[in-house]
Amino acid sequence: MSTSTNERPLSGIASIGLHLPPLAMGVEELARLRGEDPDKFTIGLGCKAMSLCPPDYDVVELSVVAAERALSRWGGDRDRIGLLAVGTESALDMSRPLSAWVAERLGLQGSIRSYEVKHACYGGTLAVRQATEWRMAEANQGRAALVIAADVALYEQGDPGEATQGAGAVAMVIDEPEVALIEPHSFPWSEPVFDFWRPVGEAFPRVDGKLSLECYKRAAERCFRALVGQQDPEQVFADFTAFCFHVPFPKMVLKAVQRVGTFFRWDPERIATFFAEKVSPTMAWNRLSGNSYTASLWISVANALQGLQLGERVAAFSYGSGFGAELLTLKAGPKAISGAWEKDVVTDLANRQFVDAAAYCALRA
Ligand code: HMG
């Protein structure tokens, strides 16, 4: 699978590693703490649990564990890594890139382009695209990229976004498309808005929640319209086994699907069936992790790719506040069927501890 018919090098995901941190809290426990009806969080937002980090467990730790898993599954020599890009909005410094902390822990130095990508939840996707295009442009000189999407998503205590918190990391080696080909053409859409932002020096984001929902839906509609173009929408959608979305909370994704479906004149039953069959199953891990910002879409993509036959296609809609969005399409490679990375999530979920409200308050103190 090294070259396409026109001899342009194919590029894609050669291996995946995931990591969720060792603590979590159920959203029903949070509802009790905040005096909310638990149904608002479980039914209204579609959330189940949020991943949490213990003290001294940060975005670097998340990134390194995910990266070690992806690198060991890839099996290539670390000397072949020529690019390290970390997409995150949990930066530790305004100047020093998060990739420097990660590179130190992974023993990566030398002839490597190492940097951090920031664009809210879209940063990980931008890093994936840059690495893909770097390889397709043959700027890589035979080398592979290590891309990490990692975040710790926390809101101020009592903020309406608190139930959607989470944390996690996805690392991908971008090389031969053994797990999935990233198709060269993608569909971006951006508009400069203030829907969710974090001013320099502030610990937590500021959010215009209702505006953010509208921006996300508009971006989804625009990207899917671009995917379909002048083609028959039914034929375009039928070509995909699964549709993954950035998952700030699962109900957001349903709202976006309703917006897209309405644009294509689907009736409510068609929308519900499409969501149940092709979208909702991809969010199984997101429901248990919460919003992990840059990692959120890629957790869904990792879930969707496992077990796919060679050539099956997956669509991936990325959204980052500010806002920037992009719809990518992927094609399963020969190693997708093994779904080897599922083990990471199964292991982390089995090992994590659920905290109660008192322990959560102590963690946040
Ligand atoms: P809110 O305003 O407190 O909630 O917070 P609400 O009153 O809109 O209720 C939420 C839903 O629960 C509603 O459902 C209610 O009806 C329902 P809807 O009408 O929308 O379908 N509800 C109930 N259902 C059952 N039983 C009940 C009950 N009570 C209410 N008893 C908000 C919601 C999303 C604003 C908040 O969680 C928030 O601010 N979240 C953070 C922002 C966010 O996630 N935005 C998503 C799009 S932007 C994005 O994805 C980017 C992001 O990831 C950041 C990045 O890019 O870096 C966030």
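Side note on unusual backbone geometry
Phase 1: Between glycine 322 and the following residue, phenylalanine 323, the backbone shows a cis peptide bond with an omega angle of -10 degrees.
Phase 2: Tracing the sequence through the fold places phenylalanine 323 in the loop between β13 (313-320) and β14 (324-332).
Phase 3: Residue arginine 265 is not a glycine yet carries a positive backbone phi of 65 degrees.
Phase 4: If you trace the backbone, arginine 265 turns up in the loop between α8 (250-263) and α9 (268-279).
Phase 5: A relative accessible area of 78% places arginine 265 in the exposed class.

Examining the pattern of salt bridges
Phase 1: According to the stated counting rule, one finds 23 salt bridges in the structure shown.
Phase 2: A salt bridge links glutamate 29 to arginine 32; the shortest N-O distance between them is 3.2 Å. Within this pair, glutamate 29 and its partner arginine 32 are both found in helix α1 (residues 27-34), separated by three residues, close to a single helical turn.
Phase 3: Residues participating in the shared-partner salt-bridge network are Glu214, Lys217, Glu221, Arg225 and Arg259.

With respect to the nonpolar core
Phase 1: Among the nonpolar cores identified, the biggest contains 48 residues, and Phe224, Phe237, Phe243, Phe245, Val253 and Phe317 are the most heavily contacted of them.
Phase 2: With sequence-adjacent residues up to four places away left out, phenylalanine 237 is seen in contact with Phe224, Val228, Phe243, Val260, Phe264, Trp266, Phe274 and Lys278.
Phase 3: Residues Ala242, Leu297, Ala316 and Leu328 belong to the second largest nonpolar core, which totals 40 residues.

A closer look at the pairing of strand β2 (residues 23-26)
Phase 1: By the alternation rule, side chains of β2 split into Leu23 and Met25 and Ala24 and Gly26, which are all buried.
Phase 2: Examined bridge by bridge, β2 and strand β3 (residues 49-52) share four bridges and lie antiparallel to one another. Bridge assignment links leucine 23 to a residue of β3, and that residue is leucine 52.

Quick word on the environment of threonine 282
Phase 1: Tracing the backbone through its elements, the reader meets threonine 282 in the loop between α9 and α10 (284-289).
Phase 2: Distance in space between the C-alpha atoms of threonine 282 and valine 301 is 7.1 Å, their sequence separation being 19 residues.
Phase 3: Setting aside chain neighbours within four positions, we find threonine 282 in contact with Ala242, Phe243, Cys244, Ser300, Asn303 and Ala304.
Phase 4: Polar side-chain contacts of threonine 282 include one of 2.8 Å to the backbone oxygen of valine 279.

A short note on the sheet that holds β3
Phase 1: Across the sheet, which stays open at both edges, the three strands sit in the order β3-β2-β15 with mixed pairing between neighbours. The sheet terminates laterally at β3 and β15 (353-354), the two strands that pair on one side only.
Phase 2: Along the sheet face, α1 touches β2 and β3 and points at about 65 degrees away from the line of β2.

Observations concerning the site of the ligand
Phase 1: Close to the ligand lie 29 residues, the nearest being Lys40, Glu89, Cys121, Lys210 and Lys255.
Phase 2: Here proline 160 contributes a backbone N or O atom positioned 2.9 Å from an oxygen atom of the ligand.
Phase 3: Between an oxygen atom of the ligand and a side-chain N or O atom of lysine 210, the distance comes to 2.6 Å.
Phase 4: Listed by contribution, the elements that provide at least two residues to the shell around the ligand are α2 (38-44), α6 (209-228), α8 and β13.
Phase 5: Per element, the largest residue contribution to the shell around the ligand is five residues, and it comes from α6.
Phase 6: Classifying every residue of the shell around the ligand gives 13 nonpolar, nine polar and seven charged.

Thoughts on the packing of α1 against helix α13 (residues 357-364)
Phase 1: Remark: α1 packs on α13, axes separated minimally by 10 Å, with the N-to-C direction vectors making an angle of 80 degrees. One way to sum up the angle between α1 and α13 is to call them roughly perpendicular. In this structure, α1 uses Glu29, Leu30, Leu33 and Arg34 to contact α13, whose residues at the interface are Ala357, Tyr360 and Cys361.
Phase 2: A breakdown of the residues in the contact of α1 with α13 according to their chemical character gives five nonpolar, no polar and two charged.

Describing the pairing of strand β5 (residues 113-117)
For a regular strand, the rule is simple: side chains alternate between the two faces of the sheet.
Phase 1: Pairing of strand β4 (residues 81-87) with β5, which is carried by five bridges, proceeds in the parallel orientation. Counted as the bridge partner of valine 86 is glutamate 116 from β5.
Phase 2: Taking the sense of rotation as the criterion, the β-α-β connection linking β4, helix α4 (residues 98-106) and β5 turns out right-handed.

Some details on the confidence of the model for the protein
Phase 1: Scored by pLDDT, the protein comes out at a mean of 96, with 98% of its residues at no less than 70.
Phase 2: Here residues 1-5 is a poorly scored stretch, pLDDT under 50, and it has 10 contacts once near neighbours within four places are set aside; other chains count.

Things to note about α4
Phase 1: Burial in α4 covers these residues: Leu98, Ser99, Ala100, Val102, Ala103 and Leu106.
Phase 2: Summarising the contacts, the buried residues of α4 are in contact with α3 (59-74), β4, β5 and β6 (144-153).
Phase 3: Directly after α4, the chain includes glycine 107, whose backbone phi takes a positive value near 70 degrees.

About the criteria used
Residues numbered from 1 in each chain as written. Predicted model: local features only at pLDDT ≥ 70, side-chain atom pairs only at ≥ 80, totals over all residues. Heavy atoms only, no water. Helix = DSSP H or I, 4+ residues; strand = E, 2+ residues; numbered from the N terminus. Buried < 20%, exposed > 50% of the residue type's maximum accessible area, 1.4 Å probe, protein only. Salt bridge = Lys/Arg side-chain N within 4 Å of Asp/Glu carboxyl O. Core = buried A, V, L, I, M, F, W, Y, C linked by side-chain atoms within 4.5 Å. Contact = heavy atoms within 4.5 Å. Pairing = 2+ DSSP bridges. Polar contact = N/O pair within 3.5 Å; in protein donor to acceptor, adjacent residues only side chain to side chain. Axes fitted to C-alpha atoms, helices over the stretch in contact; angles between N-to-C directions. Near = heavy atom within 4 Å. Nonpolar A, V, L, I, M, F, W, Y, C, P; charged D, E, K, R; others polar. Parallel < 35°, antiparallel > 145°, perpendicular 65-115°, else oblique. Right-handed = clockwise from strand over helix to strand, strands pointing away. pLDDT = per-residue confidence, 0-100.

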